[in-house]
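# Observations on the three-dimensional arrangement
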Amino acid sequence: MTDYQNDNLPDGMVSKSQRKRDMDALQDLGKELVELSKDTLKKMQLPEDLLTAILDYKRFTAHGALRRQLQYIGKLMRDIDPEPIRQYLLVIKGESAEHIAWQHLLERWRERLMSDDKMSATFINEFPGVDAQQLRTLIRNARKEQAESKPPKSFRLLFQLIKQAIPEPGKPRQQSGDATADDVEGEEE
């Protein structure tokens, strides 16, 4: 849609309609933020006043108070660059190209490890922090599960081990042993 009113504005000036659309977009971004968990919000390293406003929103129950708080969140977001927040939300949702490429990388490594014994040494050389004994045990057990048509417990655990070894781009790295339900759900098979 062409905004013909902007044709008459001097360079650097933005129409009132465009400013309103920009503010609405920031409020929509704020709506996405308030739906996130407290821990995820803290990992995002948001400015303190914005984080406080989002956490306050979660406490409110009245419709009018929620609406006003969203407007306030949108106002606070005018002072920060929203693009890193948008990118982080895409990573969390699994919609960014980086995230998808990372998941494919994890899958390729799992397939290589399952198909060739020599790949475990290559994987250990590339990612020295991985527990070699655990890796080999999971590979052996996953192959046995496939041969016997058993549920893929070790196959999934192998994926989680690879996931811990290869950090996801754009997301803070998890400590070992912090596998969550989201980790298992995000696994592609």
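Now for a look at the structure at hand.

Calculation criteria
- Residues numbered from 1 in each chain as written.
- Predicted model: local features only at pLDDT ≥ 70, side-chain atom pairs only at ≥ 80, totals over all residues.
- Heavy atoms only, no water.
- Helix = DSSP H or I, 4+ residues; strand = E, 2+ residues; numbered from the N terminus.
- Buried < 20%, exposed > 50% of the residue type's maximum accessible area, 1.4 Å probe, protein only.
- Contact = heavy atoms within 4.5 Å.
- Areas by Shrake-Rupley, 256 points an atom, 1.4 Å probe, with all protein chains shown as cover.
- Axes fitted to C-alpha atoms, helices over the stretch in contact; angles between N-to-C directions.
- Parallel < 35°, antiparallel > 145°, perpendicular 65-115°, else oblique.
- Arc of directions from axis to C-beta.

## Points about the overall build of the protein
Summing up its helical and strand segments, the protein has 10 helices and zero strands in all. For the protein, the α and β elements follow one another from N to C terminus as α-α-α-α-α-α-α-α-α-α. Looking at the 189 residues of the protein, the share that counts as buried comes to 33%. Contacts spanning at least 24 positions in sequence make up 56% of the contacts within the protein whose residues lie at least 6 apart. For the protein, the computed accessible surface area is about 12,400 Å², with 50% contributed by carbon and sulfur atoms.

## Description of the packing of helix H6 (residues 97-115) against helix H8 (residues 132-147)
For the pair H6 and H8, the least separation of the axes is 9 Å and the interaxial angle reads 80 degrees. Classified by the interaxial angle, the pair formed by H6 and H8 is roughly perpendicular. Within the contact between the two elements, H6 uses Leu 113, Met 114 and Ser 115 and H8 uses Leu 135, Ile 139, Ala 142, Arg 143 and Gln 146.

## Here we look at helix H5 (residues 83-93)
Along an α-helix, a turn takes 3.6 residues, which lines up residues three or four apart on a common side. Those residues of H5 not exposed but buried are Ile 85, Tyr 88, Leu 89 and Val 91. Down the axis of H5, the buried side of the element spans an arc of 160 degrees, and every buried residue falls inside it. In this structure, the buried residues of H5 make contact with helix H1 (16-34), helix H2 (38-43), helix H4 (63-77) and H6.

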